[in-house]
Structures are given as C-alpha cells and as structure tokens.
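Structural overview for review
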Amino acid sequence: MDRVNLAAVRTMVQTAKDSIVTQAAGVGREPRVFLHWSAGHYGQPFADYHLNIDQQGEIYSEGNLTLVLAHTWHQNTGAIGVAMLCCAFATPADLGKEPPTDAQIETMAQIVAVLCQELDLPCDYDHVRTHAEQADIDGYGPTTTCERWDGWFWKTGEQPGTGGDIIRGKAIWYQLNGIGV
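Residues numbered from 1 in each chain as written. Predicted model: local features only at pLDDT ≥ 70, side-chain atom pairs only at ≥ 80, totals over all residues. Heavy atoms only, no water.

1. Quick look at the overall build of the chain
- Helix and strand counts for the chain stand at 4 helices and 6 strands.
- The order of helices and strands in the chain, counted from the N terminus, is β-α-β-β-β-β-α-β-α-α.
- For the chain, whose C-alpha radius of gyration is 15 Å, the value lies close to the compact-globule estimate of 16 Å for 181 residues.
- Split into buried and exposed, the 181 residues of the chain put 51% on the buried side.
- For the chain, the share of sequence-separated contacts (at least 6 apart) that also reach a separation of at least 24 residues comes to 69%.
- The chain carries 11 positive and 22 negative side-chain charges, and their two centres are separated by 2 Å. (Helix = DSSP H or I, 4+ residues; strand = E, 2+ residues; numbered from the N terminus. Rg over C-alpha atoms; globule rule 2.2 N^0.38 Å. Buried < 20%, exposed > 50% of the residue type's maximum accessible area, 1.4 Å probe, protein only. Contact = heavy atoms within 4.5 Å. Lys, Arg positive; Asp, Glu negative; His and termini not counted. Charge placed at Lys NZ, Arg CZ, Asp CG, Glu CD.)

2. Focus on the packing of helix H2 (residues 102-119) against helix H4 (residues 163-177)
- For the pair H2 and H4, the least separation of the axes is 8 Å and the interaxial angle reads 65°. H4 is crossed by H2, and the crossing has right-handed handedness. Between H2, through Ile105, Glu106, Met108, Ala109, Gln110, Val112, Ala113, Cys116 and Gln117, and H4, the contact on the second element is made entirely by Ile167, Lys170, Ala171, Tyr174 and Gln175.
- Across the contact of H2 with H4, the residue classes break down as 9 nonpolar, 3 polar and 2 charged. (Axes fitted to C-alpha atoms, helices over the stretch in contact; angles between N-to-C directions. Left-handed = near helix turned anticlockwise from the far one by under 90°. Nonpolar A, V, L, I, M, F, W, Y, C, P; charged D, E, K, R; others polar.)

3. Looking at H4
- Compared with an ideal rise of 1.5 Å per residue, which puts 15 residues at 21 Å, H4 spans 21 Å between its outermost C-alpha atoms and is within 8% of the ideal.
- Along H4, the residues classified as buried are Gly163, Gly164, Ile167, Arg168, Ala171 and Tyr174. Buried residues of H4 fall within an arc of 120° about the axis and therefore sit on the same side. For H4, the exposed residues lying more than 90 degrees away from the buried face are Asp165 and Leu176.
- Looking one or two residues beyond H4, the residue adopting positive phi is Gly178, at roughly 65°. (Expected span 1.5 Å × (residues − 1). Arc of directions from axis to C-beta.)

4. Quick word on the pattern of salt bridges
- For the structure shown, the criterion picks out 7 salt bridges.
- One salt bridge in this structure joins Lys17 and Asp120, with 2.4 Å as the shortest N-O distance. You can see Lys17 sitting in helix H1 (residues 6-26) and its partner Asp120 sitting in the loop between H2 and strand E6 (128-130), a full 103 residues away along the chain.
- Classification of Lys17 by relative accessible area gives partly exposed; the value is 22%.
- A salt bridge links Asp102 to Lys155, with the nearest nitrogen and oxygen atoms 2.8 Å apart. (Salt bridge = Lys/Arg side-chain N within 4 Å of Asp/Glu carboxyl O.)

5. Considerations on the packing of aromatic side chains
- Applying the stated criterion to the full structure yields 2 aromatic pairs.
- Taken together, a centroid distance of 6.0 Å and an interplanar angle of 80° make the contact between Trp37 and Trp154 edge-to-face. Taken as a pair, Trp37 in strand E2 (residues 32-37) and Trp154 in the loop between helix H3 (131-138) and H4 lie far apart in primary sequence, 117 residues in all.
- Trp37 gets classed as buried once you look at its relative accessible area, which sits at 5%. (Phe/Tyr/Trp six-rings, centres within 6.5 Å; stacked < 30°, edge-to-face > 60°.)

6. Things to note about the sheet that holds strand E4 (residues 59-61)
- Taking strand neighbours across the sheet as the criterion, the 6 strands line up as E1-E4-E3-E5-E2-E6 in an open arrangement whose pairing is mixed. One side of each edge strand has no neighbouring strand; the edge strands of this open sheet are strand E1 (2-4) and E6. With strand direction ignored, the average angle separating the axes of adjacent strands in the sheet is 30°.
- Strand direction decides the pairing type here: E1 and E4, joined by 3 bridges, are antiparallel. (Pairing = 2+ DSSP bridges.)

7. Some words on the environment of Tyr174
- Residue position: Tyr174 is located in helix H4.
- Sequence separation between Tyr174 and Glu106 is 68 residues; the distance between their C-alpha atoms is 9.5 Å.

8. Considerations on the packing of H1 against H2
- Two elements in contact, H1 and H2, have axes whose closest approach is 9 Å; the angle formed by their N-to-C orientations is 40°. The way H1 lies across H2 gives a crossing that is right-handed. Contact with H1, carried on its side by Leu6, Val9, Arg10, Val13, Gln14, Lys17 and Ile20, involves Gln110, Ile111, Val114, Leu115, Gln117, Glu118 and Leu119 of H2 and no other residues of that element.
- Of the residues belonging to the contact of H1 with H2, the class tally is 8 nonpolar, 3 polar and 3 charged.

Rendered as structure tokens:
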C-alpha cells in the first residue's frame, strides 16, 4: 500500500467515478461510502478497505477504488470502504488502548468530503454510513446482534449511534469551508 494525500484521493475518485457509478447502478442504487475502524492496530493497514487512515491521519491505498472489496456485508459493489487503523481489542464499553485519534477522525471527514464532491453525492445517511449503521439495517449491528459496531461512536463515552452524524457533519463543514476539497 502506498501513502497518498487528499489530492491523490481526488484523482483516484475522478479516475474511478464512471466505473463506480456503473457498478452501483447495476445493483439498483447510487454509490455509497462506508466508514469503518479496522479493529486492528495503528500502522496495520488492511486490503479490505480502499482507503486506510493511520494514527497521525496519514492515508494509505492500493489506488484502485473500482475494486469490489470485502468491507461491508452485501454492500460492496459500487461502494468505497474507508477505515481508521485502530480499535484493536475494543469493546462496546471501551475503545481500548488504540482508539480513533482526532487526526483519524478529521482525515476521515476530509476524505468523505472529497468522495461526496467527486462522486456528486450528498453527504447524508443514504450515501455515507458507518459500518454500524449499515449493519443495523442488515440485522447484525449494535442494536441487534452487535456483530459489527464500528463507527457507532468514535470516542469512549460518546453517545452511541452518533458516529455517522459526527463524520457527515464534519465532512459538510469541510465542503462548505473549502478545506481539503
């Protein structure tokens, strides 16, 4: 995996846009962005995600956003998976010794701002979801089996269920203020 910056992410999306839109249309929807944490260690990128964000906010990618990767059950076609590299040994009560950092949260929001802008998507719940939000829809999330709860919140003690709203809100702020986009 290579280290990339937001300008490179923008170029990757521009290159992949037509293919992503076509893939999503093939399953009867618009493109989507799914937000994750890896449940691994800082510095441990995973090939299941298109974009990996390390502890200091560095972005890593294989560079091909058109690949259908295994990041969100039954939702990967025409979707981009973005993950913070963190939360090894986390529990729903405590995100552990490697929780999401402020740098990871801000970088994820900037990435979402760029992805939505370049894919012509609104930055809303229908197009940008945490894995926990999608898992709840599909019956394996934090309000059901709690099998997948990444992004349900980003900091220990935060209100459960606020993770998606936090990233979407920050991404909209970045779009409106032209920062990172």
